[in-house]
Amino acid sequence: MRRLLPILLFLFPALAQVVVEPGWVRLVPPVVPDTAAYLTLVNRGQTPLRLVGAETPVASRVSLHRDYQEHKGGHAVLGMRPLPYVEVPPGGKVAFRPGGYHLMLEGLKRPLKAGEKVELTLLFQGGLKVKVVLPVEMR
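This report concerns the structure included in the present document.

About the criteria used
Residues numbered from 1 in each chain as written. Predicted model: local features only at pLDDT ≥ 70, side-chain atom pairs only at ≥ 80, totals over all residues. Heavy atoms only, no water. Helix = DSSP H or I, 4+ residues; strand = E, 2+ residues; numbered from the N terminus. Contact = heavy atoms within 4.5 Å. Areas by Shrake-Rupley, 256 points an atom, 1.4 Å probe, with all protein chains shown as cover. Core = buried A, V, L, I, M, F, W, Y, C linked by side-chain atoms within 4.5 Å. Buried < 20%, exposed > 50% of the residue type's maximum accessible area, 1.4 Å probe, protein only. Pairing = 2+ DSSP bridges. Salt bridge = Lys/Arg side-chain N within 4 Å of Asp/Glu carboxyl O.

**Here's the deal with the overall build of the protein chain**
Moving on, step 1. Scanning the protein chain for helices and strands turns up 2 helices and 10 strands.
Moving on, step 2. Secondary structure elements in the protein chain, listed N-terminal to C-terminal, are α-α-β-β-β-β-β-β-β-β-β-β.
Moving on, step 3. Restricting to contacts in the protein chain with at least 6 residues of sequence separation, those with at least 24 account for 63%.
Moving on, step 4. In the structure as shown, the protein chain presents an accessible area of about 8600 Å², 58% of it carried by carbon and sulfur atoms.

**With respect to the nonpolar core**
Moving on, step 1. Core analysis: the largest hydrophobic core is formed by 30 residues, its most contacted members being Leu41, Phe96, Leu103, Leu105, Leu122 and Phe124.
Moving on, step 2. Setting aside anything within four residues of it in sequence, one finds Phe124 in contact with Val18, Leu41, Leu49, Arg50, Leu51, Val52 and Val130.

**Regarding the pairing of strand β3 (residues 49-55)**
Moving on, step 1. Note: β3 against strand β6 (residues 86-88), 3 bridges, orientation antiparallel. Of the residues in β6, the one forming a bridge with Leu49 is Val88.
Moving on, step 2. As paired strands, β3 and strand β9 (residues 117-124) are joined by 4 bridges and run antiparallel to one another. The residue of β9 that forms the bridge with Glu55 is Thr121.

**Section: the environment of Gln125**
Moving on, step 1. Here Gln125 is to be found in the loop between β9 and β10 (129-137).
Moving on, step 2. For Gln125, a relative accessible area of 52% translates into the label exposed.
Moving on, step 3. Separated by 76 residues in the primary sequence, Gln125 and Leu49 place their C-alpha atoms 7.5 Å from one another.
Moving on, step 4. In this structure, Gln125 is in contact with Arg50 and Val52, ignoring residues within four places of it in sequence.

**Re the pattern of salt bridges**
Moving on, step 1. Tallied over the full model, the rule gives 8 salt bridges.
Moving on, step 2. Of the charged contacts in the structure, one is a salt bridge between Arg61 and Glu106, with a shortest N-O distance of 3.3 Å. Of this pair, Arg61 sits in strand β4 (residues 59-72) while Glu106 is found in strand β8 (residues 101-108), placing the two residues 45 residues apart along the sequence.
Moving on, step 3. A relative accessible area of 48% means that Arg61 is categorised as partly exposed.
Moving on, step 4. Between Glu137 and Arg139 there is a salt bridge whose closest N-O contact spans 2.7 Å.
Moving on, step 5. Looking at Arg139, the relative accessible area reads 58%, which means it is exposed.

Structure, rendered in structure tokens:
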């Protein structure tokens, strides 16, 4: 495999461009239908990376979101907005973490358990797919 890796990176340079740093999926009570996944995307390439979606076998749908806070009439209003994509600049990174960007796993097909592993396939513009496995944790 070590001899094959340089050949694969030459044939598929996008594989060398994206690095996914460890993350986690939030443990929610069994009656809650949605949860969030967090990780960090690192772009080691010379061109922007655009995450356009994700898939997982444990949820009906995965969407990209960002939390926000606005001040209206002297009150802080918290919420989240769906995003069509998240762009990672060349040589940069984007952290998906509580209070910021996150992947919403919507319509969980079954309750998740602490310690189990959830497979996600990250979908990038241009057709690149990157599989990650994240532990379910209560934080």
